[in-house]
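Residues per chain are reported as follows:
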Amino acid sequence: MRDLFEAEEGAQMSLQPGAVLLRGFATVAAPQLLGDLGAVLAVSPWRHLVTPGGFRMSVAMTNCGTLGWLSDRRGYRYDPIDPDTGRPWPALPASFRELAATAAAQAGFQGFEPDACLVNRYDPGARLSLHQDRDERDFRQPIVSVSLGLPAVFLFGGIERAEKALRVPLVHGDVVVWGGPARLSHHGILPLKDGEHPLTGHCRVNLTFRKAG
DNA sequence: AAGTGTCC
DNA sequence: ACAC
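First things first, this report covers the structure right here in the doc. Here the structure is a predicted model, which means the values were calculated and not measured. (Residues numbered from 1 in each chain as written. Chains lettered and ligands numbered in written order. Predicted model: local features only at pLDDT ≥ 70, side-chain atom pairs only at ≥ 80, totals over all residues. Heavy atoms only, no water.)

## Examining the sheet that holds strand S8 (residues 116-122)
Working step 1: In space, the 7 strands of this open sheet follow the order S1-S2-S13-S10-S15-S8-S3, with antiparallel pairing throughout. The two strands at the open ends of the sheet, each matched to only one other strand, are strand S1 (12-16) and strand S3 (60-65). On average, each strand axis in the sheet is inclined to that of its neighbour by 20°, with strand direction left out of account.
Working step 2: Bridge analysis of S1 against strand S2 (residues 19-22) gives 4 bridges, and the strand direction is antiparallel. Note that in S2 the partner of Met13 across the bridge is Leu21.
Working step 3: Most of the contacts of helix H2 (residues 94-106) go to strand S10 (residues 143-149), to which it runs at about 120°, and overall it touches S1, S2, S3, S8, S10, strand S13 (175-178) and strand S15 (204-210). (Pairing = 2+ DSSP bridges. Helix = DSSP H or I, 4+ residues; strand = E, 2+ residues; numbered from the N terminus. Axes fitted to C-alpha atoms, helices over the stretch in contact; angles between N-to-C directions. Contact = heavy atoms within 4.5 Å.)

## Some words on the protein's contact with DNA strand B
Working step 1: As a structural note, the neighbourhood of DNA strand B is formed by 13 residues, with Pro52, Gly53, Tyr76, Ser129 and His131 the closest of them.
Working step 2: For DNA strand B, the fraction of atoms within 4 Å of the protein that belong to sugar or phosphate moieties is 71%.
Working step 3: Asp133 has a polar side-chain atom sitting 3.5 Å from a base nitrogen of DNA strand B.
Working step 4: Contact between DNA strand B and Asp135: a base nitrogen at 3.0 Å from a side-chain N or O atom of the residue.
Working step 5: Tallying contributions element by element places strand S9 (residues 128-131) first for the surface near DNA strand B, with 3 residues.
Working step 6: A per-class count over the surface near DNA strand B returns 6 nonpolar, 4 polar and 3 charged. (Near = heavy atom within 4 Å. Polar contact = N/O pair within 3.5 Å; in protein donor to acceptor, adjacent residues only side chain to side chain. Nonpolar A, V, L, I, M, F, W, Y, C, P; charged D, E, K, R; others polar.)

## Concerning the environment of Pro80
Working step 1: Inspection of the secondary structure assignment puts Pro80 in the loop between strand S5 (75-79) and strand S6 (81-82).
Working step 2: We classify Pro80 as partly exposed; its relative accessible area is 42%.
Working step 3: Sequence spacing of Pro80 and Ile159 is 79 residues, and the spatial spacing of their C-alpha atoms is 28 Å. (Buried < 20%, exposed > 50% of the residue type's maximum accessible area, 1.4 Å probe, protein only.)

## Examining the packing of helix H1 (residues 30-43) against H2
Working step 1: Between H1 and H2, the shortest axis-to-axis distance is 9 Å and the interhelical angle comes to 135°. By the angle class used here, H1 and H2 are oblique. Crossing handedness for the pair H1 and H2: left-handed. Contact residues: Gln32, Leu33, Asp36 and Leu37 in H1; Ser95, Phe96 and Leu99 in H2.
Working step 2: Its residues assigned to classes, the contact of H1 with H2 shows 4 nonpolar, 2 polar and 1 charged. (Parallel < 35°, antiparallel > 145°, perpendicular 65-115°, else oblique. Left-handed = near helix turned anticlockwise from the far one by under 90°.)

## Quick look at the pairing of S15
Working step 1: Burial analysis of S15 places 7 of its 7 residues in the buried class, which makes it a mostly covered element.
Working step 2: Residues of S15 alternate between two faces, with Arg204, Asn206, Thr208 and Arg210 on one and Val205, Leu207 and Phe209 on the opposite face, all of them buried.
Working step 3: Where S8 lies against S15, 7 bridges are found, and the strand directions are antiparallel. By the bridge assignment, Asn120 is partnered in S15 with Asn206.
Working step 4: Pairing between S10 and S15: 6 bridges, direction antiparallel. Each bridged residue has a counterpart across the sheet, and for Val146 the counterpart in S15 is Leu207.

## Some thoughts on the sheet that holds S9
Working step 1: Spatial ordering of the open sheet is given by S9-S14-S11-S12, a layout of 4 strands whose pairing is antiparallel. Edge positions in the sheet fall to S9 and strand S12 (166-170), since each has one partner strand and no second. Sheet twist, expressed as the average angle between the axes of neighbouring strands with direction ignored, equals 20°.

## Side note on H2
Each α-helix turn comprises 3.6 residues. Residues three or four places apart therefore point the same way.
Working step 1: The terminal C-alpha atoms of H2, which comprises 13 residues, lie 18 Å apart, in line with the 18 Å expected from a rise of 1.5 Å per residue.
Working step 2: Among the residues of H2, Ser95, Phe96, Leu99, Ala100, Ala103 and Ala104 are the ones counted as buried. Down the axis, H2 shows its buried residues gathered within 150° of arc, on one side only.
Working step 3: Positive phi appears at Gly108, one or two residues downstream of H2, with a value of about 105°. (Expected span 1.5 Å × (residues − 1). Arc of directions from axis to C-beta.)

## A short note on the packing of aromatic side chains
The geometry of an aromatic ring pair comes down to the distance between the two centres and the angle between the two planes.
Working step 1: All chains considered together, the criterion is met by 5 aromatic pairs.
Working step 2: Centroid distance Trp69 to Tyr76: 5.4 Å. Interplanar angle 35°. Geometry classified as tilted.
Working step 3: Between the aromatic rings of Phe154 and Trp178, the centroid separation amounts to 5.9 Å while the plane-to-plane angle is 40°, which identifies the pairing as tilted. With Phe154 in strand S11 (residues 152-156) and Trp178 in strand S13, this residue pair connects regions lying 24 residues apart in the sequence. Both residues of the pair, Phe154 and Trp178, belong to the buried class.
Working step 4: Taken together through their ring pairs, the aromatic side chains of Phe154, Phe156 and Trp178 make up a single cluster.
Working step 5: The ring of Tyr122 has Arg204 sitting right over it, with the charged end atom 5.1 Å from the ring centre. (Phe/Tyr/Trp six-rings, centres within 6.5 Å; stacked < 30°, edge-to-face > 60°. Lys NZ or Arg CZ within 6 Å of the ring centre and 35° of its normal.)

Below you can see the structure in the form of structure tokens.
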């Protein structure tokens, strides 16, 4: 298997059955995606959510689409209303929808029409511990994850949390798609190393597309 | 429990 | 790495 550190832009690599890394798939679209993200943030700004255990998440989040992912003391859920504004989440920008659908199709998942995009901002030191995306209604639909800005180490494990996770270096423009047998795989991000990226500055932005409803 | 603390 |  080709070493993930040396994968060429445009390469498509299997991480496990049902999970694929599309190296650099979003590089050309990145400036458009980040510009459209600015309009999303003008409506629903970054915020740090709290876990059911009462801990503040190190990753700053917002959402766009008809449903947004939330965490608070009551648990995890999707909600059509941004609790910080009392208004619906901003619509999915066309650039977001198109990128998600084409990446999913490239990975073998035709007809992906996401209704939710969770947007994560990782500042230096921010991380996301190993977890499953299991708050969606239909696990037949894949997850599409777009990396922008600073590089990060993506952890990709198995259905069972105890399985050893693969460490996948992700750079600006990379897209990871997982579904089918990998849909409930555990995944996470190691603490972000500081650096500077011409398009995002000292942070990494991740767009995670789901069909939640 | 999408985090934190502790131990090797 | 693992317990909580």
